[in-house]
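Breakdown of the fold
Listed below, chain by chain, are the residues.
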Amino acid sequence: MHSDVLRAINVQINSEFSAWYQYLAMAAFCEREKFTGAARWLKAQSVEEYQHGMKLFDFVLARNGVVELTAIQQPEREFESFGEVFESALRQEQAVTEQINSLYELAFKSKGFIEMTELQWFLTEQVEEEKSAREWVARFRLVGDDPGSLLDLDRELGQRATPPAAAGGKV
Ligand code: FEO
């Protein structure tokens, strides 16, 4: 694998694990505030991010590359509102999409066809991740501070299915 591409994939592994940690912090905030449906949704999302990190981790090893795990930055732990949690999630997903786009461009320029194939899964996944976050943001903006409507949203968020358990990622 081209060394620049390998370095960039290692950076992306860190981003995915950072997203895992950030969603976990959001889940902790929501659960502390007894917004338990949202906490369940966010825990499920954190498991997905962990799986994204592991998918790249396994890919690098399968390509006989060196995985370089680096420090995960401390996540935001306090939020002004439940709506702000999801606004923040959307910003995070948009940032990840930009990162994957840049990574794909780098793989393309380096003629890393195998890496491009792997990254295509992530590009498609980002469409869904952004769409989902954008829809929740729109609904939080719509209900504003109305307690009854917020509880309805919480109930609906709590219906999210738990992803298949990953090692260490049970929800
Ligand atoms: Fe792994 Fe939500 O991007």
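Residues numbered from 1 in each chain as written. Predicted model: local features only at pLDDT ≥ 70, side-chain atom pairs only at ≥ 80, totals over all residues. Heavy atoms only, no water.

So, the overall build of the protein chain
What counts, and what does not: Strands here are runs of E lasting at least two residues and helices are runs of H or I lasting at least four, both read from the DSSP assignment and numbered beginning at the N terminus. To get the radius of gyration, use the C-alpha atoms; to get the globule rule, take the number of residues to the power 0.38 and multiply by 2.2 Å. Throughout this description, buried means an accessible area under 20% of the type-specific maximum (1.4 Å probe, protein chains only), exposed means over 50%, and partly exposed covers the range between. Any two residues whose heavy atoms approach within 4.5 Å at even a single point are treated as in contact. Each accessible area is a Shrake-Rupley result for a 1.4 Å probe, and residues are judged covered by the shown protein chains and nothing else. When charges are counted, Lys and Arg are positive and Asp and Glu negative, with His and the chain ends excluded. By convention, charge coordinates are those of NZ in Lys, CZ in Arg, CG in Asp, or CD in Glu.
Broken down by element type, the protein chain carries 5 helices and 0 strands. Taken from N to C terminus, the helices and strands of the protein chain fall in the order α-α-α-α-α. The C-alpha atoms of the protein chain give a radius of gyration of 17 Å, which matches the 16 Å a tight globule of 171 residues would have. Seen through its C-alpha atoms, the protein chain measures out along the principal axes to roughly 55 × 30 × 25 Å. The proportion of buried residues among the 171 residues of the protein chain is 46%. The long-range fraction of contacts in the protein chain, counting pairs at least 24 apart against all pairs at least 6 apart in sequence, stands at 76%. Counting every atom, the protein chain has about 9,400 Å² of accessible surface; 53% of that belongs to carbon and sulfur. Within the protein chain, the 28 negative side-chain charges are centred at a point lying 3 Å from the centre of the 18 positive side-chain charges.

A look at the packing of aromatic side chains
Selection criterion: Stacked, tilted and edge-to-face are the three classes applied to pairs of Phe, Tyr and Trp rings, where Trp contributes its six-membered ring and a pair requires centres within 6.5 Å; stacked means planes under 30 degrees apart, edge-to-face means over 60, and tilted covers the rest. Either the NZ atom of lysine or the CZ atom of arginine qualifies as a charge over a ring when it sits within 6 Å of the ring centre and within 35 degrees of the ring normal.
Summed over the entire model, instances satisfying the criterion amount to 11 aromatic pairs. Where Phe35 meets Phe82, the ring centres are 3.7 Å apart and the plane angle is 10°; that geometry is what we call stacked. Within this pair, whereas Phe35 is found in the loop between helix 1 (3-32) and helix 2 (36-62), its partner Phe82 is found in helix 3 (residues 82-109), the two being separated by 47 residues in sequence. The burial state of Phe35 is the same as that of Phe82; both residues are buried. Among the aromatic residues, those joined into a cluster by ring pairs are Phe29, Phe35, Trp41, Phe79, Phe82, Phe86 and Phe140. Geometry around Trp121 places Lys55 over its ring, the cationic atom sitting 4.9 Å from the centre.

Some details on unusual backbone geometry
Look at Lys34: it is not a glycine, yet its phi comes out positive at around 65°. Checked against the element boundaries, Lys34 lands in the loop between helix 1 and helix 2.

Overview of the nonpolar core
Quick note on the threshold: Put simply, a nonpolar core is a bunch of buried Ala, Val, Leu, Ile, Met, Phe, Trp, Tyr and Cys residues held in one set by side-chain atoms that sit within 4.5 Å of each other.
Core analysis: the biggest nonpolar cluster contains 23 residues, and Cys30, Leu42, Val85, Phe86 and Phe140 have the highest contact counts within it. Those elements that provide at least two residues to this core are helix 1, helix 2, helix 3, helix 4 (113-143) and helix 5 (147-157). Not counting residues up to four positions away in its chain, the partners in contact with Phe86 are Ala38, Trp41, Leu42, Trp136, Val137, Phe140 and Leu157. By size, the runner-up hydrophobic cluster in this structure holds 18 residues, among which are Leu6, Phe59, Val60 and Ile100.

With respect to the confidence of the model for the protein chain
What counts is decided by this rule: Note: pLDDT gives the predictor's confidence per residue, expressed from 0 to 100.
Considering every residue of the protein chain, the mean pLDDT works out to 94; 96% of them sit at 70 or more. Counting contacts from residues 167-171, a segment whose pLDDT is below 50, to residues more than four positions away or on other chains yields 8 contacts.

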